[in-house]
Amino acid sequence: NHPAEVDLMEIYPVTKEIKHVTKHLKKWAKPRRVSTPWSLLGTSSWIHVEPKGVTMVMSPWNFPISLTLGPLVSAVAAGNTCILKPSEMSPHS
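Quantities reported herein were computed from a predicted structural model and do not represent experimental measurements. (Residues numbered from 1 in each chain as written. Predicted model: local features only at pLDDT ≥ 70, side-chain atom pairs only at ≥ 80, totals over all residues. Heavy atoms only, no water.)

(A) Broad picture of the pairing of strand β3 (residues 54–58). In the sheet, β3 pairs with strand β4 (residues 81–85) via five bridges, with the strands oriented parallel. Looking across to β4, one finds that M58 is bridged to K85. (Pairing = 2+ DSSP bridges. Helix = DSSP H or I, 4+ residues; strand = E, 2+ residues; numbered from the N terminus.)

What follows is the structure, encoded as structure tokens:
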């Protein structure tokens, strides 16, 4: 592979995703007010986002860096722990 191709297809999407997540994470994590049902009149309702727990990223052989680190960024930004499982077919990456 040509170094420019690696940068374009592997590194650049991951760095863009990291920049996007760091720019929007505070807004995504902020509690949101939602409408309250009439049966609970006098109270307020909010949505608080919480991590789901443990995630697993199984990367393919064709784009091992991009398709491993991209989902990892999202999983960690959501507050989850993450297990990475690289493909056995791409031993040199």
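(B) Spatial organisation of the packing of helix α1 (residues 3–29) against helix α2 (residues 66–77). One can describe the packing of α1 onto α2 by two numbers: an axis separation of 9 Å at closest approach and a directional angle of 10°. The orientation of α1 with respect to α2, classified from their angle, is roughly parallel. Note on element contacts: α2 touches α1 through S66, L69, G70, V73, S74 and A77, opposite M9, E10, P13, V14, E17, I18, V21 and L25. Residues that form the contact of α1 with α2 fall into these classes: nine nonpolar, three polar and two charged. (Axes fitted to C-alpha atoms, helices over the stretch in contact; angles between N-to-C directions. Parallel < 35°, antiparallel > 145°, perpendicular 65-115°, else oblique. Contact = heavy atoms within 4.5 Å. Nonpolar A, V, L, I, M, F, W, Y, C, P; charged D, E, K, R; others polar.)

(C) Highlighting α1. With 27 residues, α1 extends 37 Å between its outermost C-alpha atoms, agreeing within 8% with the 39 Å of an ideal straight helix rising 1.5 Å per residue. At K23, α1 shows its largest kink, close to 40°. Every buried residue of α1 is listed here: E10, V14 and V21. Looking at the buried residues of α1, the elements they touch are α2. (Expected span 1.5 Å × (residues − 1). Bend = angle between axes of the 7 residues up to and from the residue. Buried < 20%, exposed > 50% of the residue type's maximum accessible area, 1.4 Å probe, protein only.)

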